[in-house]
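# Examination of the molecular architecture
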Number of protein chains: 2
Amino acid sequence: MNEHAHISANLSKNQLLVMDALTNSDGPLSAYAILDQLCDQGFRAPQQVYRALKKLVDFNMVHRLESLNAFVACRHPGREDHETLAFMICENCGQVSEFTDNLLSKRLQHLTGAAHFVLNKMTIEFRGICINCHST
Amino acid sequence: MNEHAHISANLSKNQLLVMDALTNSDGPLSAYAILDQLCDQGFRAPQQVYRALKKLVDFNMVHRLESLNAFVACRHPGREDHETLAFMICENCGQVSEFTDNLLSKRLQHLTGAAHFVLNKMTIEFRGICINCHST
DNA sequence: CATAATAATGTTATAATGTAACAACTTTAA
DNA sequence: TTAAAGTTGTTACATTATAACATTATTATG
Ligand SMILES: [Zn+2]
Ligand SMILES: [Zn+2]
Ligand SMILES: [Zn+2]
Ligand SMILES: [Zn+2]
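Since the structure is predicted, the reported quantities are computational estimates derived from the model, not experimental observations.

### Some thoughts on the domain arrangement of chain A
Residues and elements named next belong to chain A. Partitioning chain A into structural domains gives domain 1 (3-73) and domain 2 (84-134). On a C-alpha basis, the centroid separation for the pair domain 1 and domain 2 is 22 Å. In this complex, domain 1 contributes 11 residues to the contact, which on the side of domain 2 involves 11 residues. Summed over both sides, the interface of domain 1 with domain 2 buries roughly 800 Å², with 53% coming from carbon and sulfur. In this structure, the connection of domain 1 to domain 2 is made through one salt bridge. For glutamate 66, the salt bridge goes to lysine 121, with nearest N and O atoms at 2.6 Å.

### Focus on the protein's contact with DNA strand D
Of all residues adjacent to DNA strand D, which total 18 residues, the nearest are Gln48(A), Arg51(A), Tyr32(B), Gln47(B) and Arg64(B). Backbone sugar and phosphate groups make up 40% of those atoms of DNA strand D lying within 4 Å of the protein. Contacts to DNA strand D include Asn14(A), whose backbone N or O atom sits 2.9 Å from a phosphate oxygen. In the model, a phosphate oxygen of DNA strand D is placed 2.9 Å from a nitrogen or oxygen of the Tyr50(B) side chain. For the surface near DNA strand D, the elements supplying multiple residues, two or more each, are helix H2 (13-24) and helix H4 (46-58) of chain A together with helix H4 (46-58) of chain B. In terms of residue class, the surface near DNA strand D is made up of four nonpolar, eight polar and six charged.

### What about the protein's contact with DNA strand C?
In the neighbourhood of DNA strand C, 18 residues make up the surrounding shell, with Tyr32(A), Gln47(A), Arg64(A), Gln48(B) and Arg51(B) lying closest. The sugar-phosphate portion of DNA strand C accounts for 40% of its atoms within 4 Å of the protein, the bases making up the rest. Those elements that place two or more of their residues in the surface near DNA strand C are H4 of chain A together with helix H2 (13-24) and H4 of chain B. In terms of residue class, the surface near DNA strand C is built from four nonpolar, eight polar and six charged.

### Here's the deal with the nonpolar core
Among the nonpolar cores identified, the biggest contains 27 residues, and Leu108(A), Ile124(A), Phe126(A), Leu108(B), Ile124(B) and Phe126(B) are the most heavily contacted of them. If you list the elements that add at least two residues to this core, you get strand E3 (86-90), helix H5 (102-114) and strand E5 (118-129) of chain A together with strand E3 (86-90), helix H5 (102-114) and strand E5 (118-129) of chain B. Ranked by residue count, the leading element in this core is E5(B), at four residues.

### Concerning the packing of H5(A) against H5(B)
Direction vectors running N to C along H5(A) and H5(B) enclose 155 degrees, while the axes themselves pass 10 Å from each other. Judged by the angle between their axes, H5(A) and H5(B) are roughly antiparallel. In this structure, H5(A) crosses over H5(B), and the sense of that crossing is left-handed. Note on element contacts: H5(B) touches H5(A) through Leu103(B), Leu104(B), Arg107(B), Leu108(B) and Leu111(B), opposite Leu103(A), Leu104(A), Arg107(A), Leu108(A) and Leu111(A). Of the residues belonging to the contact of H5(A) with H5(B), the class tally is eight nonpolar, no polar and two charged.

### A few points about the packing of aromatic side chains
What characterises a pair of aromatic rings is the spacing of the ring centres plus the angle enclosed by the ring planes. Residues and elements named next belong to chain A. Under the defined criterion, the tally for this structure stands at four aromatic pairs over all chains. When the ring of phenylalanine 99 is compared with that of phenylalanine 126, the centres are 6.3 Å apart and the planes differ by 40 degrees; the resulting orientation is tilted. Pair noted here: phenylalanine 99 is in strand E4 (residues 96-99) and phenylalanine 126 is in strand E5, with a separation of 27 residues, a long-range link. Considered together, phenylalanine 99 and phenylalanine 126 belong to a single accessibility category, that of buried residues.

### Comments concerning the pattern of salt bridges
The tally for this structure, following the rule as stated, stands at 10 salt bridges over all chains. The residue Arg127(B) makes a salt bridge to Glu91(B) at a minimum N-O spacing of 3.3 Å. Of this pair, Arg127(B) sits in strand E5 while Glu91(B) sits in the loop between E3 and strand E4 (96-99), and the two are 36 residues apart along the sequence. According to the relative accessible area criterion, Arg127(B) is buried, its value standing at 16%. Assessed through its relative accessible area of 41%, Glu91(B) is described here as partly exposed. Through salt bridges that share partners, Arg64(A), Glu66(A) and Lys121(A) make up one connected network.

Conventions adopted
Residues numbered from 1 in each chain as written. Chains lettered and ligands numbered in written order. Predicted model: local features only at pLDDT ≥ 70, side-chain atom pairs only at ≥ 80, totals over all residues. Heavy atoms only, no water. Domains from an automatic or database assignment. Contact = heavy atoms within 4.5 Å. Buried area = accessible area lost by both parts, 1.4 Å probe. Salt bridge = Lys/Arg side-chain N within 4 Å of Asp/Glu carboxyl O. Near = heavy atom within 4 Å. Polar contact = N/O pair within 3.5 Å; in protein donor to acceptor, adjacent residues only side chain to side chain. Helix = DSSP H or I, 4+ residues; strand = E, 2+ residues; numbered from the N terminus. Nonpolar A, V, L, I, M, F, W, Y, C, P; charged D, E, K, R; others polar. Core = buried A, V, L, I, M, F, W, Y, C linked by side-chain atoms within 4.5 Å. Buried < 20%, exposed > 50% of the residue type's maximum accessible area, 1.4 Å probe, protein only. Axes fitted to C-alpha atoms, helices over the stretch in contact; angles between N-to-C directions. Parallel < 35°, antiparallel > 145°, perpendicular 65-115°, else oblique. Left-handed = near helix turned anticlockwise from the far one by under 90°. Phe/Tyr/Trp six-rings, centres within 6.5 Å; stacked < 30°, edge-to-face > 60°.

Quick look at the structure:
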């Protein structure tokens, strides 16, 4: 049983429903898209989605994409270490790939450190065309 | 006469009003905050702000902060080169500092290049506490 | 100049995203 | 068992952004 399964076991009903919706999606979903999907499961108001999302983001099981106002299930191996996390978002097919990089991490730490800036949260998002979409 | 002044001379009336509002602000402003400020100058509808903002962002005179849904006047020296641009945003005082870094640029180019990802737009935003705010 | 093309503006309405606030219920821990 | 913390349901509202259409101003171009 992997880390994901372990954490999932502790999720509440609504958190699990939202998590499943995101996991089964092949791309990011807006909060309202999730709400629509979960109408059949009894969801009625945006708060039900937003509250579950907040927890899932806290747990690092879901990431918020600021440039899309959307949410994506974490697919990064070793979900515990999310210090420096970046996303490549294809504007053609919607695919999101999540990655970290040691040199990038180091450089960012150096830059914020040099400015004496105490980092709380980092947003790194690349918008463009993925390899599958520009090869044709 | 600097680059900024040169470009400003070509701005339309509304673009200039929005640019001035942002330039005179000591931090980022939401579109609706700008709209409120420009009521006295005849602004009535959000479109008037959003349309001006779109042009100013195209001109690289204003940057959109995705994690704040807000806009900030460019204060980066040498506005022409904005390939890799990052922001440190203080969550206490609201100050935004804009910077670029060659090593960071290089690493990001390497990462997107290795993934064969054709970059259109980059969002790099750090949220945290600036040096002025955590020294007390 | 005439006139067509482009850019900018004004306005109304609506869509999309996100929170506040209150009441009820459930789980956990002392 | 009782208090604390967490979860849920719900109504209402706040914030951010765009669609659509009509009008005016500016800029080429012949
Ligand atoms: Zn992740
Ligand atoms: Zn793609
Ligand atoms: Zn700038
Ligand atoms: Zn500060």
